[in-house]
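Structural overview
Spelled out from the first residue to the last, the chains are:
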Amino acid sequence: MPQQSKRVALCGVILESNAFSPVAREQDFRAALYMEGPEIVTEARQAVSRLPREMAAFVQAMDATGPWTPVPLLLTGCPPWGPIEGGFFARCVARIVAGLRAEAPLDGVYIANHGAMVATDDGDPDGTLMAAIREAVGTDAAMVTTLDLHANISARMVAATDAIIGYQTNPHVDQVQRGEEAALLMRQMFFGMRPRQALVRLPLVPPSTTLLTAAGPYGELIDYGQRRSRELAGDIVNVSVFGNFAFSDTPKNGLAVVVTARADGEKAAGLATEIAARAWQNRAAFRREMMTIGDAVDLAAAVANEPQRPAVIFSDAGDNPGGGGEGRTTWLLAALAAASASGVYYGAFFDPELAAEAHGLGEGAAFDAVFNRAGETEFCKRFEAKARVLRLSDGEMVGRLGIYRNRLMKLGPSAALEFGGTGGIIVIVISARQQTADPMFFEMFGLDIAQARSVCVKSRGHFRAGFAPWFPSGQVFEVDTAGLTSPVLERFQWRNLPRPVYPLDPDTTWTP
Ligand SMILES: [Zn+2]
């Protein structure tokens, strides 16, 4: 008997909140991504879309696996920033709940969230949204969510959902697989599977730089979870190991293991505890290693002077817009300029006023470039230097490598400025705050990454996927720059993290 067309609601409120960053307001979401109704499905079925890839993959996998009726409600998201403004979040929840009630009864709900959102008046808005959805659709509806591996998982999120599926890669390049996995799991639920989840969260808040997955303790832990999941495939359908996002500064922070069993909650709990115990045993491996700005400037000079040495890439790690950074700190740029560095590509600096001025002057114009004229903050200081407008762009491009691959990006009026004459420092200036995780940030100006001796990026980890063809891991360096995303956790005034927590409190204990 063919399965009847199941009705599945689609929604998401996507934000990674850095508690130390400015509030994410309604206009920030509307400028980045805000869609209601059928447009979500239309967009999801395009080859290149503005949607998070897991949503597009979920829709396409549902299309490919049988009849279904999508019930698109609301999908909104903004690049990582501060807490979401509480009134706007409440309106999003109300809109989704109203849609669910109007379309009742529903067979399923797919939620594409990030999972590390904080609201101005709520420490667990992801949990609030999921609980509200569960209340609206009842316990019979299948409820599956995909989350970023930087999510902070609350017991309420686990209780509200049937399955939480986390990314397995950092840089994040498996959103398509996770969206497909969510669709297949939902299909299995339509055939009668009733999954049970277990959560074990550790008092372990690793610095972001230790959460890469190609190598190191976190990658090994994820691999272990996947191996155990395969070995226990008769009982287990998903293992997700969430590294957490320290800067959200919430009581639910901490590395968290979520295991979904086909039917038996005790099997899920057993495996979650096993994986968590392994992480705890290996906690000392979650240490950061960073380069000082002075050493980075010296290395940039050395590779510029010795053409036979491989080129290098530097992460401006304290100012990653992908983690709530402002994208406009000048520490590394100013140090390179003071040292008259050469052969440097630096991107991308978020400064709409400077980009607009460059567009007004035109290509080839020489001028005194003033960074951060819009205002200074603790970390973003005024910086001025003689520059030439090398190239201009409208800032529209399609990402080609890594996390932005096939994503349409709108960076607004953008400029490539040259400092220190030909062969000096080329700085990309953009008008929409985004982390530089794709070579297109430079290539849209006709620049060739292979021509640079050093590349500096405002990205903490995701640039590794986008720039891998030029920079294998031995040529990648994380620079200890001050800013809202510094991996040096001791520098922050934590208010809500659970304490004691490792490694901030080295003597923290945990027993399964
Ligand atoms: Zn992430």
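Residues numbered from 1 in each chain as written. Predicted model: local features only at pLDDT ≥ 70, side-chain atom pairs only at ≥ 80, totals over all residues. Heavy atoms only, no water.

So, on to the packing of aromatic side chains. Here the structure, examined in full by the defined rule, presents 20 aromatic pairs. Centre to centre, the rings of F20 and W494 are 5.5 Å apart; their planes meet at 80°, and the pair counts as edge-to-face. Linking F20 in the loop between β1 (6-14) and α1 (26-32) with W494 in the segment after β19 (476-479), this pair joins segments that are 474 residues apart in sequence. Among the residues examined, F20 registers a relative accessible area of 25% and is labelled partly exposed. For W494, a relative accessible area of 15% gives the class buried. (Phe/Tyr/Trp six-rings, centres within 6.5 Å; stacked < 30°, edge-to-face > 60°. Helix = DSSP H or I, 4+ residues; strand = E, 2+ residues; numbered from the N terminus. Buried < 20%, exposed > 50% of the residue type's maximum accessible area, 1.4 Å probe, protein only.)

In terms of domains, the protein is made up of domain 1 (1-190), domain 2 (195-238 + 251-288 + 489-512) and domain 3 (293-486). Relative to domain 2, the C-alpha centre of domain 1 lies at a distance of 23 Å. Across the domain 1 to domain 2 interface the summed buried area is about 2,000 Å²; carbon plus sulfur atoms make up 52%. Of all residues in domain 1, F20, I153 and Q168 bury the most surface against domain 2, accounting for 29% of the area lost on that side. Counting across the interface, domain 1 meets domain 2 through 1 salt bridge. Between K252 and D124 there is a salt bridge, and its shortest N-O distance comes to 2.8 Å. Our count for the contact surface shared by domain 1 and domain 2 stands at 11 residue pairs in polar contact (both at pLDDT 80 or more). If you list the elements that add at least two residues to the side of domain 1 that touches domain 2, you get α6 (155-160), β6 (163-166) and α7 (175-190). The greatest single-element share of the side of domain 1 that touches domain 2, amounting to 4 residues, is contributed by α7. Residue classes in the side of domain 1 that touches domain 2 are distributed as 13 nonpolar, 10 polar and 4 charged. (Domains from an automatic or database assignment. Buried area = accessible area lost by both parts, 1.4 Å probe. Salt bridge = Lys/Arg side-chain N within 4 Å of Asp/Glu carboxyl O. Polar contact = N/O pair within 3.5 Å; in protein donor to acceptor, adjacent residues only side chain to side chain. Nonpolar A, V, L, I, M, F, W, Y, C, P; charged D, E, K, R; others polar.)

Our focus in this paragraph is the layout of surface pockets. Size it by volume and the largest pocket reaches roughly 1,300 Å³. Forming the boundary of the largest pocket are 48 residues, of which C78, P79, P80, R407 and Q434 lie nearest the centre. In terms of residue class, the lining of the largest pocket is built from 21 nonpolar, 16 polar and 11 charged. Each of domain 1 (1-190) and domain 3 (293-486) contributes no fewer than three residues to the lining of the largest pocket. In this structure, the second largest pocket occupies an estimated 620 Å³ of space. If you go around the second largest pocket, you meet 24 residues; those closest to its centre are T209, L212, A215, R464 and E478. The set of elements that each furnish at least two residues to the lining of the second largest pocket consists of α8 (216-231), α14 (463-466) and β19. With 3 residues, the single largest contributor to the lining of the second largest pocket is β19. Residue-level mapping places the lining of the second largest pocket at the junction of two domains, with at least three residues from each of domain 2 (195-238 + 251-288 + 489-512) and domain 3 (293-486). (1 Å grid on protein atoms, 1.4 Å probe; cavity = no way out; pocket = protein on both sides within 12 Å on 5 of 7 lines; lining within 4 Å. Points joined across faces, edges and corners; volume = space filled by probe spheres on them.)

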